[in-house]
Amino acid sequence: MIARLQDYLTRSAERDAGACALVMGDERMSYGDLEAETNRWARLMREFGCGDGDRVCVLASKSPRTVAGLLAVLKAGGVYVPVDSTSPPARVARIFGSAEPGLVLVDESAVPLVDGLIDAGALSRPGTSIGSVEGPLTGDRFSTQFCRSDATTWSADPLPNRRRTEDLAHLL
């Protein structure tokens, strides 16, 4: 029996890789493409320190790229913490303080907020990496250390399953 979201994706890609998995406006992604992208992303996230049970805060608007990022966090063994980038900075800082993320995924909409979090000391945990679900991003106080296109050189093969069904998937 399949019990984890990332396993449903893998099974769907095996059954019909060309079927449409995600649609938003003109942007579409097939199950096969989503499976390959999330496997590459997961390997890249592991390279940047995402391990079993590590929390990854996601400050990105709803998009197929963000969904791929969330699934990749699960495949890397992490726990994703979705954070609304339109929330007041003080609230986001409290979430970051509680979650203590080792990795943060952002998009263009979150750049001013991340600058503010850095100024406020909310992103001061040593070793925290910032990645982009889009291309490279730069704010006044940071530049992303990796982005979506950096994952294209990694293997698209499925990753070994290291998670148990009772492991956390996300924190709200």
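Attention in this report is confined to the structure presented alongside it.

Parameters at a glance
Numbering of residues starts from 1 in each chain and follows the order in which that chain's sequence is written. Thresholds applied to this predicted model are a pLDDT of at least 70 for local features of residues and 80 or more for the giving and counting of side-chain atom pairs; totals over whole chains, interfaces and linings are not thresholded and use all residues. In computing side-chain properties, one takes all heavy atoms of the structure into account and sets aside hydrogens as well as water. Any two of the Phe, Tyr and Trp rings considered here, Trp counted by its six-membered ring, make a pair once their centres fall within 6.5 Å; the pair's planes then place it as stacked at under 30 degrees, edge-to-face at over 60, or tilted in between. Labels follow the DSSP assignment, with helices taken as runs of H or I lasting at least four residues and strands as runs of E lasting at least two, numbered in each case from the N terminus. Only protein chains enter the accessibility calculation, which uses a 1.4 Å probe; a residue is then buried when its area is under 20% of its type maximum, exposed when over 50%, and partly exposed in between. Using protein atoms alone on a 1 Å grid, points that fit a 1.4 Å probe yet trap it form a cavity, whereas open point sets bounded by protein on both sides within 12 Å along at least five of seven lines form a pocket; residues with an atom within 4 Å of a point count as lining. Grid points are joined across faces, edges and corners, and a volume is the space filled by probe spheres set on the points. Note on pairing: DSSP must find at least two bridges between two strands before they are called paired. Contacts are residue-level and defined by heavy atoms, with any inter-residue pair within 4.5 Å sufficient. Note on definitions: angles span 0 to 180 degrees between N-to-C directions of axes, and those axes are lines fitted to C-alpha atoms, for helices only across the stretch in contact. Salt bridges are defined as contacts in which a side-chain nitrogen from Lys or Arg sits within 4 Å of a carboxyl oxygen from Asp or Glu.

Turning to the packing of aromatic side chains, a few remarks are in order. For any pair of aromatic rings, geometry is given as the distance between the ring centres together with the angle between the planes. For the structure on display, the rule yields two aromatic pairs. Ring geometry for Trp-41 versus Phe-146: centroids 6.1 Å apart, planes at 70°, classification edge-to-face. Taken together, the positions of Trp-41 in helix H2 (residues 31-47) and Phe-146 in strand E7 (residues 146-147) put the pair 105 residues apart, joining distant regions of the chain. One exposure class covers both Trp-41 and Phe-146, and it is buried.

Quantified by volume, the second largest pocket comes out at close to 190 Å³. Looking at the lining of the second largest pocket, the element that brings in the most residues is helix H3 (residues 64-76), giving three residues.

Residue Glu-100 is not a glycine yet carries a positive backbone phi of 45°. Along the chain, Glu-100 falls in the loop between helix H4 (89-99) and strand E5 (103-106).

A separate point is the sheet that holds strand E6 (residues 129-132). The five strands are arranged E4-E3-E5-E6-E7 in an open sheet whose pairing can be described as parallel. Two strands lie at the open edges of the sheet, namely strand E4 (79-82) and E7, each paired on one side alone. Against the sheet, H3 touches strand E3 (55-59), E4 and E5, its axis set at about 145° to E4. Contacting E3, E4 and E5, H4 runs over the sheet at an angle of about 160° to E3.

A few words now on the environment of Asp-16. Residue placement: Asp-16 occurs in the loop between helix H1 (5-15) and strand E1 (20-24). Among the residues examined, Asp-16 registers a relative accessible area of 44% and is labelled partly exposed.

We now examine the pairing of E6. Going residue by residue along E6, you find Ser-129 and Gly-131 tucked away on one face and Ile-130 and Ser-132 tucked away on the opposite face as well. Bridge count for E5 against E6 is four bridges, and the pairing is parallel. In the sheet register, Val-106 faces E6, and the bridge partner there is Ser-132. Alignment of E6 against E7, held across two bridges, turns out to be parallel. By the bridge assignment, Ser-132 is partnered in E7 with Cys-147.

Turning to the pattern of salt bridges, a few remarks are in order. Here the structure, examined in full by the defined rule, presents five salt bridges. A salt bridge links Lys-75 to Glu-35, with the nearest nitrogen and oxygen atoms 2.6 Å apart. Remark: Glu-35 occurs in helix H2 and Lys-75 occurs in helix H3; sequence separation between them is 40 residues. Among the ionic pairs, Glu-37 bridges to Arg-148, the shortest N-O distance being 2.8 Å. Separated by 111 residues along the polypeptide, Glu-37 in helix H2 and Arg-148 in the segment after E7 bring together distant segments of the chain. Of the residues examined, Glu-37 reaches a relative accessible area of 13% and is grouped as buried. Shared partners join several salt bridges into a network, and the residues in it are Glu-27, Arg-65 and Glu-134.

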